[in-house]
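The primary structure of each chain is shown beneath.
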Amino acid sequence: MTIELQYKGAMSSTLKIHGRVRRSGDPVEGAYITLNQGETFIAERRTGPDGGYEFHTTPGDWVLVCRAAGSDAVRREVSSAAGELETSFDL
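Residue positions within a chain follow its written sequence, with the count starting from 1. Confidence filtering applies because this is a predicted model: local features only for residues at pLDDT of at least 70, side-chain atom pairs given and counted only at 80 or more, and all residues used for totals across whole chains, interfaces and linings. The side-chain quantities take in all heavy atoms of the structure and omit both hydrogens and water.

### Some details on the overall build of the chain
And then number 1: Numbering goes from the N terminus for both helices and strands, where a helix is a DSSP run of H or I of at least four residues and a strand is a run of E of at least two. Of the regular secondary structure elements, the chain holds zero helices and nine strands.
And then number 2: In the chain, the succession of α and β elements from N to C terminus is β-β-β-β-β-β-β-β-β.
And then number 3: In this scheme, a residue with accessible area under 20% of its type's maximum is buried, one over 50% is exposed, and one in between is partly exposed, where area comes from a 1.4 Å probe on protein chains only. Going through the 91 residues of the chain one by one, you find that 34% of them count as buried.
And then number 4: The contact criterion used throughout is that any non-hydrogen atoms of two residues lie within 4.5 Å. By sequence separation, contacts in the chain at least 24 residues apart represent 54% of the contacts at least 6 residues apart.
And then number 5: All accessible areas in this document rest on Shrake-Rupley with a 1.4 Å probe, and a residue is counted as covered only by the protein chains that are shown. For the chain, the computed accessible surface area is about 6,000 Å², with 47% contributed by carbon and sulfur atoms.

Rendered as structure tokens:
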């Protein structure tokens, strides 16, 4: 007996949220980006030397909060279907 399976849907049901944090045009290393659903904490990333961050999650409504030394927290509400969503922060 041979069973053939085709892998469909998993990649199309994911969302990549990514972007950069900058201050006066320069990348901000060490900023913290939190990913929340409403007020519920889901995950956190720290920006690298290029100011970049990235989350892999499911499509839907999300809240991103950027915190960096010397700046007030910046909150963004985003909503997206599957694919990629770029959300950058200028502090």
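Next comes the rest of the description.
### A short note on the packing of aromatic side chains
And then number 1: Think of it this way: a Phe, Tyr or Trp ring, Trp meaning its six-membered ring, pairs with another when their centres are within 6.5 Å, and the plane angle makes it stacked under 30 degrees, edge-to-face over 60, tilted otherwise. For the structure shown, the criterion picks out two aromatic pairs.
And then number 2: Residues Tyr53 and Phe89 carry aromatic rings whose centres are separated by 6.3 Å and whose planes lie at 50 degrees to one another, so their mutual orientation is tilted. Here Tyr53 is found in strand S5 (residues 52–57), whereas its partner Phe89 is found in strand S9 (residues 89–90), with 36 residues between them in sequence. For the residue pair Tyr53 and Phe89, the accessibility class agrees, reading buried in each case.

### Describing the environment of Tyr32
And then number 1: The residue Tyr32 is located in strand S3 (residues 32–37) in this model.
And then number 2: As a C-alpha pair, Tyr32 and Tyr53 span 21 residues in sequence and 8.9 Å in three-dimensional space.
And then number 3: Residues within four places of Tyr32 in sequence aside, it is in contact with Glu44, Arg45, Arg46, Val65, Cys66 and Arg67.
And then number 4: Two N or O atoms form a polar contact when they lie within 3.5 Å of each other; inside protein one atom must be a possible hydrogen donor and the other a possible acceptor, and for residues adjacent in sequence the pair counts only when both atoms belong to side chains. Within the structure, Tyr32 has its side chain in polar contact with the side chain of Arg46 (distance 3.5 Å).

### Remarks on the pairing of strand S7 (residues 74–80)
And then number 1: The sheet contact formed by strand S6 (residues 60–67) and S7 spans seven bridges and is antiparallel. Note that in S7 the partner of Asp61 across the bridge is Ser79.
And then number 2: Two strands are said to pair when DSSP picks up at least two bridges between them. Connecting the antiparallel pair S6 and S7 is a turn made up of six residues, with Gly70 showing a positive phi of about 80 degrees.

Take it as geometry only, folks, not as evidence of what the structure does.
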